[in-house]
Each structure stands twice: as C-alpha cells, then as structure tokens.
Amino acid sequence: MKPLDRKLWRDLRRLWMQAIAVGLVLGSGIALFVMSTGMYGSLERARDRYYDRSHMADLASALVRAPDRVGRELAALPGLAAVETRVTGIGLISLPEVVEPVSARLVSLPAGRRPTVNDLVLRSGAWPDAQRSDEVLVNEAFAEVHGLRPGDPLDMLLRGKRRVLRISGIASSPEFVFAVAPGDILPEPRRFGVVWMGREALGRALDLDGAFNDVVLRLTPDASARAVSADVDRLLAPHGGRGVYGRDRMLSARYLSDELSQLRTMASVLPPVFLLVAVFLINVTLSRLVATERANIGLLKAFGYRNGVIALHYAEFALVFCALAAVLGLVLGGFVGGYMADIYRAVYRLPVLEFEPGWATWLGALGVALLAAVLGAAVAVARAVSLPPATALSPPAPTHFGRLGAGVERAARRLDARARMLVRRIVRFPRRSATTVAGIAFALALLILSDNFPAVVDRIISINFGVAQRMDVSVTFAERQHERVLRELARLPGVEAVEPLRTAEVILSAGPRRQRDALIGVPEGAWLNRIIGEDERPVQPRADGLTLSEGLAGKLGVGVGDRVRIEATDGRRVAFEVPVVALIKPFIGGAAYMDQRALGRLLREPERIDSAYLRIDPAARDVLAARLKGIPAIVGVTFADNAEASLRQLFDQGTGFFAFMFLSFSLVMAAGVAFSAARVTLGEQERDLATLRVLGFRRSEASWVLLGELGVLLAVAIPIGLVLGFALSQWLMSEFETEIFSFPFVFDPPTYARAVLFVVAAVVAAALWVRRDVDRLDLVSVLKSRE
Amino acid sequence: MSAPRPPVFEVRGLERTYGEGTAAVHALRGIDLHIDPGELLVLLGPSGSGKSTLLNILGGLDRPTGGSVRFGDLDLGTADDAALTDYRRHHVGFVFQFYNLIASLTARENVELVTEVADDPMPADEALRLVGLGERLTHFPAQLSGGEQQRVAIARAIAKRPTVLLCDEPTGALDVATGVRVLESLVRINETLGTTTLLITHNADIARIGDRVVRFADGRVRSDEANPTRVAPSELHW
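Residues numbered from 1 in each chain as written. Chains lettered and ligands numbered in written order. Predicted model: local features only at pLDDT ≥ 70, side-chain atom pairs only at ≥ 80, totals over all residues. Heavy atoms only, no water.

A.B. asks: Just checking my understanding: could you explain the overall build of chain A for this structure?
C.D. replies: For chain A, the helix and strand inventory stands at 22 helices and 22 strands. Along the first, second and third principal axes, the C-alpha set of chain A runs to 100 × 55 × 50 Å. Of the contacts formed within chain A by residues at least 6 apart in sequence, a portion of 82% connects residues at least 24 apart. For chain A, the computed accessible surface area is about 31,700 Å², with 57% contributed by carbon and sulfur atoms. Computing the positive centroid from 94 side-chain charges and the negative centroid from 81, chain A places the two 8 Å apart. (Helix = DSSP H or I, 4+ residues; strand = E, 2+ residues; numbered from the N terminus. Contact = heavy atoms within 4.5 Å. Areas by Shrake-Rupley, 256 points an atom, 1.4 Å probe, with all protein chains shown as cover. Lys, Arg positive; Asp, Glu negative; His and termini not counted. Charge placed at Lys NZ, Arg CZ, Asp CG, Glu CD.)

A.B. asks: Teacher, can you tell me more about the overall build of chain B here?
C.D. replies: Assigned secondary structure in chain B consists of six helices and ten strands. By the compact-globule yardstick of 18 Å for 238 residues, chain B fits well, its C-alpha radius of gyration being 17 Å. The dimensions of chain B, computed from C-alpha atoms along their principal axes, are 50 × 50 × 40 Å. Of all 238 residues assigned to chain B, the portion counted as buried reaches 56%. (Rg over C-alpha atoms; globule rule 2.2 N^0.38 Å. Buried < 20%, exposed > 50% of the residue type's maximum accessible area, 1.4 Å probe, protein only.)

A.B. asks: How should the environment of Pro110 of chain A be read in this particular structure?
C.D. replies: Residue and element names in this part refer to chain A. Among the structural elements, Pro110 can be located in the loop between β4 (102-109) and β5 (121-125). The exposure class of Pro110 is buried, given its relative accessible area of 13%. In the structure, Pro110 is positioned 539 residues away from Gln649 in sequence and 35 Å away in space, judged by C-alpha atoms. In this structure, Pro110 is in contact with Glu84, Pro115 and Arg199, ignoring residues within four places of it in sequence.

A.B. asks: Explain the interface of chain A and chain B here, please?
C.D. replies: By a widely used convention, the size of an interface equals the accessible area lost when the partners come together. Of the residues lining the interface, 31 residues belong to chain A; the matching set on chain B comes to 32 residues. Between chain A and chain B the total buried area reaches about 2,900 Å² when both faces are included, carbon and sulfur atoms providing 59% of it. The interface formed by chain A and chain B holds eight salt bridges in total. One salt bridge connects Glu116 of chain B with Arg420 of chain A, and the closest N-O pair in it is separated by 4.0 Å. Connecting chain A to chain B are 14 residue pairs in polar contact (both at pLDDT 80 or more). Contributing elements (two or more residues each) for the side of chain A that touches chain B: α13 (417-428), α19 (640-694), α20 (699-736) and α22 (779-784) of chain A. (Buried area = accessible area lost by both parts, 1.4 Å probe. Salt bridge = Lys/Arg side-chain N within 4 Å of Asp/Glu carboxyl O. Polar contact = N/O pair within 3.5 Å; in protein donor to acceptor, adjacent residues only side chain to side chain.)

A.B. asks: Before we go on, may I ask you to explain the domain arrangement of chain A in this structure?
C.D. replies: Annotation of chain A at the domain level lists domain 1 (1-57 + 257-397), domain 2 (58-254), domain 3 (409-469 + 644-787) and domain 4 (495-616). Placing the centre of domain 3 of chain A and that of domain 4 of chain A at their C-alpha centroids yields a distance of 48 Å. (Domains from an automatic or database assignment.)

A.B. asks: So what exactly am I meant to see when it comes to the packing of aromatic side chains here?
C.D. replies: Pairs of aromatic rings are described using the distance from one ring centre to the other and the angle between the two planes. As enumerated under the stated definition, the model contains eight aromatic pairs over all chains in all. Plain terms: the ring middles of Phe176 of chain A and Trp196 of chain A are 6.1 Å apart, the flat faces sit at 70° to each other, and that makes the pair edge-to-face. Here Phe176 of chain A is found in the loop between β8 (161-172) and β9 (192-198), whereas its partner Trp196 of chain A is found in strand β9, with 20 residues between them in sequence. Neither Phe176 of chain A nor Trp196 of chain A differs from the other in exposure class; each is buried. Ring-pair connections join several aromatic residues into one group, and the members of that group are Phe726, Phe747 and Tyr752 of chain A. The ring of Trp769 of chain A has Arg772 of chain A sitting right over it, with the charged end atom 4.2 Å from the ring centre. Sitting over the ring of Phe697 of chain A, Arg89 of chain B keeps its end group 6.0 Å from the ring centre. (Phe/Tyr/Trp six-rings, centres within 6.5 Å; stacked < 30°, edge-to-face > 60°. Lys NZ or Arg CZ within 6 Å of the ring centre and 35° of its normal.)

A.B. asks: Please clarify how the sheet that holds strand β2 (residues 80-86) of chain A should be interpreted in this entry.
C.D. replies: Two modes of strand pairing occur in sheets, parallel and antiparallel, and in both the strands are linked by backbone hydrogen bonds. Residues and elements named next belong to chain A. Taken in spatial order, the four strands make up an open sheet running β2-β10-β1-β11, and their pairing is antiparallel. With partners counted over all chains shown, the strands left at the sheet margins are β2 and β11 (245-246), one partner each. Note: strand β1 (residues 59-67) against β11, two bridges, orientation antiparallel. Paired with Ala60 across the bridge in β11 is Tyr245. (Pairing = 2+ DSSP bridges.)

A.B. asks: Where do I start with empty space enclosed by the protein in this structure?
C.D. replies: Taking a probe equal in size to a water molecule and rolling it over the atoms shows the remaining empty space. Residues and elements named next belong to chain A. As enumerated under the stated definition, the model contains six cavities of 30 Å³ or more in all. Estimated volume of the second largest cavity: approximately 100 Å³. Lining the second largest cavity, in full, are Phe280, Leu281, Val284, Arg432, Thr435, Thr436, Gly439, Val673, Ser676, Ala677, Val680 and Thr681. Elements with a minimum of two residues in the lining of the second largest cavity: α7 (251-292), α14 (430-468) and α19. Ranked by residue count, the leading element in the lining of the second largest cavity is α19, at five residues. The class makeup of the residues in the lining of the second largest cavity is six nonpolar, five polar and one charged. Structurally, the lining of the second largest cavity is a two-domain feature, drawing no fewer than three residues from each of domain 1 (1-57 + 257-397) and domain 3 (409-469 + 644-787). (1 Å grid on protein atoms, 1.4 Å probe; cavity = no way out; pocket = protein on both sides within 12 Å on 5 of 7 lines; lining within 4 Å. Points joined across faces, edges and corners; volume = space filled by probe spheres on them. Nonpolar A, V, L, I, M, F, W, Y, C, P; charged D, E, K, R; others polar.)

A.B. asks: I'm lost on helix α6 (residues 225-236) of chain A in this one. Help?
C.D. replies: Helical periodicity: at 3.6 residues per turn, an α-helix aligns residues three or four positions apart in one direction. Compared with an ideal rise of 1.5 Å per residue, which puts twelve residues at 16 Å, α6 of chain A spans 16 Å between its outermost C-alpha atoms and is within 8% of the ideal. Each element contacted by the buried residues of α6 of chain A is listed here: β1, α3 (68-75), β2 and β10 (211-219) of chain A. (Expected span 1.5 Å × (residues − 1).)

A.B. asks: Is there a simple way to think about the side chain of Asn110 of chain B in this case?
C.D. replies: Residues and elements named next belong to chain B. Along the polypeptide, Asn110 turns up in helix α3 (residues 107-115). Taking the relative accessible area as the measure of exposure, Asn110 reaches 0% and is therefore buried. Dropping the residues within four chain positions of it, Asn110 is found in contact with Leu101, Ile102, Leu105, Pro141, Val152 and Arg156.

A.B. asks: It is not clear to me how the packing of helix α8 (residues 294-302) of chain A against helix α9 (residues 307-347) of chain A should be interpreted in this structure. Could you clarify?
C.D. replies: Packed helices, taken two at a time, are described by their axes: the angle between them and the distance between them. All names here are of chain A. For the pair α8 and α9, interaxial distance at closest approach is 10 Å and the crossing angle is 145°. Of the two possible hands of crossing, α8 and α9 adopt the one that is right-handed. Where α8 abuts α9, its residues Ile297, Leu300 and Lys301 lie against Asn307, Ile310 and Tyr314. Across the contact of α8 with α9, the residue classes break down as four nonpolar, one polar and one charged. (Axes fitted to C-alpha atoms, helices over the stretch in contact; angles between N-to-C directions. Left-handed = near helix turned anticlockwise from the far one by under 90°.)

A.B. asks: In this structure, what is going on with a positive patch on the surface? I would like to understand it.
C.D. replies: Residues and elements named next belong to chain A. On the surface, Arg484, Arg487, Arg491, Arg572, Arg604 and Arg608 cluster together into a positively charged patch. Within the fold, Arg572 resides in the loop between β18 (563-568) and β19 (575-584). Overall, Arg572 belongs to the exposed group, its relative accessible area being 57%. (Patch = residues over 30% accessible without salt bridge, like charges linked within 9 Å, V, L, I, M, F, W, Y side chains within 5 Å.)

A.B. asks: In this structure, what is going on with the environment of Phe453 of chain A? I would like to understand it.
C.D. replies: Residue and element names in this part refer to chain A. Note on placement: Phe453 falls in helix α14. What makes Phe453 buried here is its relative accessible area of 5%. Considered as a pair, Phe453 and Gly656 are 203 residues apart in the sequence and their alpha carbons are 7.6 Å apart.

What follows is the structure in structure tokens.
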C-alpha cells in the first residue's frame, strides 16, 4: 500500500463519525432514489406487461341489449384489433359469515376459448368446463378474503333466483386490478367480488340469450380512439349503447395511473433534496479536513507530489463516503423496494409485480452518488490544490475578522466577549453558517412534509366521513328505483333517517370538448350525504344549473355562466343544456352535481333514485344488515365504518408506506445534519475552546460558545424550515391531486411541533455528544500545536 | 529583617511518566523546587528535558504521577478538575509560543474575555498599555504582527492580576527585535506588578534576564543558580 493510501485509511478511521453521517444521509437519498424510481418503473412495467399480455381493453361500452350479430358488425369496423362482446350484470352472493349483502360483478366468458380482450390469469384451479353451466371463476382478492378455493360452492342470487355454483378456479384480470363495487370508489373485497361464468349460462340467467350488454375493445396501433369510438357508438346506439369510454374512465386503470403519477412525483422531488444536503455535508466535512491538513498538503507539495495526486487523495475521501453511501443506499433501497412491492402486490392484483429497478436505476443511483461526491468535494479539493507549498507550511495567519456594521457593533457591545465571538463567527463565515442553517432547515422541512401526510389522510377521512358522508349505511340498488322505496327503507329496523341519491352516467360537452362523468342529484337540504367544498362547508347543488368540480370544469373549458350539454347514457337517454352555476373543489370524487328533483325532471325520470343513505341505531346494525341482505333489489350495502377502514388501508398500504419510509429517512437526515454541524463547529473552534479552558473558563462556560453557535443557527433554521416545510407540503399535495382524490393542504400544528421538537432534540443530542469532546480536549497539545 | 515570605510553589520529588511498561516515558524524574513570590525564574534546557511538563503541572493543565506540588494551600497533584479550573481562572496567566488569540475578538476584547470573569482585574486598556499596545485596542489578531499578537496574549494573561505568569517559549516564533519587545513587556510586568513569572526558553542568552536560572536535562534539574545581575532584554543578542 502506498503511503498516501495508508494515510487515507488512517484519516478515515479518525473521521469515521463524519463518514457515517454523510453515508447515512447520502445513503438515504440513494435508497429513496432506488426505491421510488425502481418502484415506479417496476409498477409501470408490471402494469404494461399485464395489460399487454392480457390484452387490456382500450375502449369499452355498456349497452342495454344487442343481438350477437351486432358483435360481428363491430368486429368488422376498421381500427379494431379485437372485440369481445360480453354479458355482464350484478349478482348477490350469500356468504354465511358476512352479515351485510355481498355483491358480485358477473362477467361472461366466451364459450370454448379464452377472452381476446381482458383475458384472465388463472391463479389456481381450472377454467370452467364448457360442458358445465355451473362452474365459475372468482377474483383473487375476493377468494383470499373469504378463504374460497377451487371446488368450493358459491351460493348466488341471480335476478332473484338462487343458484349454487361451483368455483373451478381463482383468477385475476387487468380489468379488476382494483375491483370496486358500483357506487363505491374504493375496493372492498369483503363485500364485492368478480365472478366469471360461461357466456351461455350467464346469458340465460340474465335473460340475455343470444345477446350481449357489454363490449370491450382493443385498438390497432394506428387507430384513432376517437374515430373508432364514434363508429362503435353509432352501431350500438339503436341497442341502448351507453357511450364508449377509454381507460381514463375505467376505475381500476385510473387508480393505477394515479398511483404511478404519485410515485413519479416522489421519485423526482424527494431524492434530490437528500442529495443536495449530502453534497452540503461532504463539502463541509472535506473543507474542514483540508483546513486541518494544511501543513500536510504543504509537505506533500514540498516533497514533489503533483497536484493531481493531492487532488485525488482528498477526492478519495469523498469517494469513500459515497461508496459507503452507495452500498448502503443500494442494499437498503433494494430491500425496502422489495418490501414495498409485496405491499403493492397485496393492494394491486397484478399477477407479477417484482421489485426490478433495472440497470438504469442501479447505474443512475451510482451516478448520483458519484455526482454528490464530485460536487461535494470540488471546492475543498480545489482549495487543497491551490495552496502554494510555502504558504501551506507556514502557520496560517489568524482568520480575518472585521467589525460588523455600526448598528450590530453597538448591539454587540452589550454582549459579553463569548457572545461576541459567536456572533462574529456566524457573520464572518456566512456560507458555512448558511450551509448549516440550510441543512437543518431542509431536514425540518422534510420532516414536516413526510409527517404531514398522515395528517392529510386524517383530514380527508374526517371530512369525508365526519362532514360530508354522515350516513351509517349506503345502499345501492340493482336498478333505478322509485322514491317510494325510501319509505320502505325507513320502516326497516333501526333506521332513523333516509336520504336518496340520483346518479346518472352522462357525457358532458362544451364545444368540441366531451367528458364522460357522473352527474349526481343531491336532494335539497341533504344532510346525510353532503357535497363539501374546499372550505369544508357543505355546498347545496342548485336546481337552475350545474355545480361542477373545478377539475371537470377545467377539462371542459367552462366557467360559471357557460352552458354545458348533457347526454344521458342510460335511462331515457335524453340530452339537454344547462348553465354552470357554481364551481367547487370536492374532497373525494370530482364530478357534476345538481338538485335531485331538478335532475330527475331534466332526465325525464322524476322521482327515481339509484342509492339511498341511512342513519341507523348502532344497536340494530346486525339485524338491519340481515334484512338488507334479503332484499334482492339491493346489490350494495356499505357501512360507513368499513368504508373508512378500507380508505385508510388504501392510504396506509400504498403512499402511506412510502411516507413512512420517507419519514424514517428524514429523521436520519436531521440527525446526520445536526451531528455534522456540531462536529465541524467543534473542529473549527477547538483551539478557541482550549484557549478558554486554559484561561480558566469552566467546561460549561467554554461549551457555551460551541452550543451557543449551534443554538443560534438552529434558531435561524427553524423558522426557515417551517416556512419551507409549509410550502413544500402545499406544493406536494397539489402535485398529488388526482381526479379521485383532492389532497387538501392541511396545516396541522402538532406535525410542525413534532418536527421542530425532533430537530431540536437531534441538534441538542448531537451537540451534547460532541460536547464530550470539549471535556476531553488535550489543552496542552491543542495550544502548543500550530493551527 | 522581615520574616521570609512563604514560597508560591513548593515542589517535592515531582515525577511525571507518560505511558506504561517498556513504552513509558519519564518526563520528570524527581524534581525539587521552590519558587518565591515576585521571582522571575527562567527554565532552561533542550527540548524534551521536562521543562514544559513542569510548567503545565504548575499551571494546572497536567497532573504529576508522583511527588507533590503545592500552590500555597492548594495541592495541585490531587485537586479535581473544577478546582484546577478555578485555580487557573484566578491565579494563573499563560503565554504560549503560539499566541492562541481568539481571531474573532479584537485585542481589547481578547483581554476582556479574561477581565469579565476575573475577581479583581485591571481594565483591559491598561493591560494593553502595559505591553505597549495602547494604540491597537480595536485591531483584530489578523491585523496585528506576530509580536503584537504575542503582547496581546501577555496582556490577556496579566489582566486578571495573576499570582503567577507562566510563559512557554513566548519568543519562539518571533524574530530578535520583536522577541526583545515581548521580553521587555514581561520584565516590566514582573517589576511593576510583582507577578511571579516562569519563563521557558532553550536560549541561554535569554536566561540572563531572570533572577534565577533552573537548568533541565533528561527530566531532572541539573542546576539551580541565581543570576548575579538581571540583564535588560534590550541588551540581549541571539
């Protein structure tokens, strides 16, 4: 080993604490990078592979009823690679252990072949025997929750008729990565499943023999979705076609793309912040090293070592830090990524979802580590190289200090000498002070940002279930019902209040812009299910026009006063024009709203409702559930507490886990920055502190200068970090916003207080840790050595 | 004839060993010494002879491993860290070869650092005037020459009116002319304030300014002789 290499290793052993601090912060950044970029890529690839392999539909349409020949006409249309006509419907499953009704989406399987669009992946068991009409497949999530296995019976109610079917296999489908019950926005596998049945058997059961009521389509690569949609709509219109929609209106696909976009936001925003702080830390540590190695640098140069060799020697410190960080980051990122993939697999039913960051991510991570090393080391190495040997060998002149501005000096005169030392040092080294302040402020901001997420979720949930949806139970009907059903519901045991809801799947258009969405009719004076605006106040949709979510209004390019054309895709399929009378920003689910009765009149289906909300006596819950289960017209019953739990689970498992990891890394970063700042400050003040001790200052008095400087920098950093955290949270929440969820900006004082408390604790702990070195200062050797 | 005043330091059989076993280094091997109030004592010897070790022990920066050393009633060998800190705070002034000024404080403020915590200090300006720096009060160390910096260090050491002033090669980093000015300051303080002063040097010529010269070699006192006359620093040549 060359002497310089030996020196490197010995010096590194001396600097091990700083190496660990830098390694941890940079390692966290790299781990975050690997995890988020890798997870984004893995999820996207898994989705695309799945969609591709299973021929995920590009377009779909529901219709009332069309004879099979229309399917052949559809297949002949240009631009379509595959057409699968299907029979679909809703059935009820009787599961003895579940008190509330369990419904299932029924989807037909073509006879004697696999679906050419939305093909299934068989997870276990076998495909239904074409010769047997009672064999079905059920979706994986549902089977798992209820412990169903191939061979098990399935007790179903199809159009009022009870049938005992047999599960031949468990399957998953790209169409139901997220299986969401009608009327719901979240998957609840406990009470909603997907059942695939032979086309003939299901057709017979649903009175759709020789006909279909659903079609899924795949486009050829060069086809125009718009043109094909128009053709399909035209063909299906006489058969009650409800309008073709793309993946953007397929709930499952939407969830996936929302998750992907949130992951992308995290991957692009968060790791750079860590890397930036790591660069700061490397810079501070190496600058300090070069300052203490001044004489050695002069000596090496005097011996004839070339600048390049010296530059490399000091750059190697940074490279070793980064190698350490890279190993830590890659291992940790890979490990956490793998764990995250497990979680995602449980939420998203993708048949193959492995954490495969890919070479690009691994190399990217290494590149990022190297970049941090180079950026962090550049200034310090340049300083080492530029030191002329003679200057380096002579003791450094005392650092130049000047008097501060007259005003500051006047104020400083009231301070004692130690306080003046402190103030002048901070002002004299603005860049170093700023670096420490920035590091602490960033750490604080990141803590706020990551710790704020659970508060946001709490707020979404508390607004949704406390302010907006105050019902205990929501009931979805298989078919649209007359309002008098409300009176029957009110008579059920334990029901204290009933409220209707009318929903219509419509196409809204303004000029050339068309958007398919739900138009929701809210009754006047609704109080069980209220639309809540951004200001958390209930909004009463009006009878004289549309109340639009801002997102939808933006897509349509309309504002208050503009007129929007509405085409109903079901029922009487009327079309009419209404003005926009208000814009709101709802918390969950953005759509269009109107007064229920006015909407019924416009749709020429007055007094019809799709769902009902109940307020119940909790004691009567089980009795009521059993009664609801026995009513065939009801396909969905959601208890608000279950819905709340599944919403929370959705957050916790997906983004929530990421937020948790991020919080952990932020804690590491705050501690790393605090320690590094304390260590470097001590390094710079060592001689002054020793001088103070020799002059007779007690340990506590001498430490005051060290702790005081950190304290002042901390005090400056805290407000900056608070503001930064506030701004970052606000920005990130707006980045997170999807069509389904609007992320409110939540100012949660306890989050900020916790973050400040932790950062203060980290700095104090680091300072006290380093302060022990003040106690151990070898006064004689410090003072007798040249600086 | 007045009764002899008690010595400032009473040193008996003082030993200091660093390390253990075969690696042990015996820095002091049984030193006996007493130092009277107001004396200007020069400790002379080559490097490694033990003079700095003795000075550090006398200044409460290091502890002996054997023998005893007393400052009045205080046993410096057994005093705890807090007691030694108080001892330094109230009784000792240090001057090192490297000045160890606080770069962020002006000359006056460096001195005030001490006067703020001392019991009966002289005004900082007066201490600086004593070392001939009355005009440089508001200069920062970086704006002062080496000799000036060393004189600020001396002013800082004497401003608390210490009982003893311990100087470890105070002219080691200075040229002759500057060194002479620094020594003049030390002599003036010794004469005007009566501060007991110990001065380490390896320069035999400088030894002539003291009342007494103690020669060190190999951790032992080789000789302890009074100078017949004290020579003024301005008459020195080295």
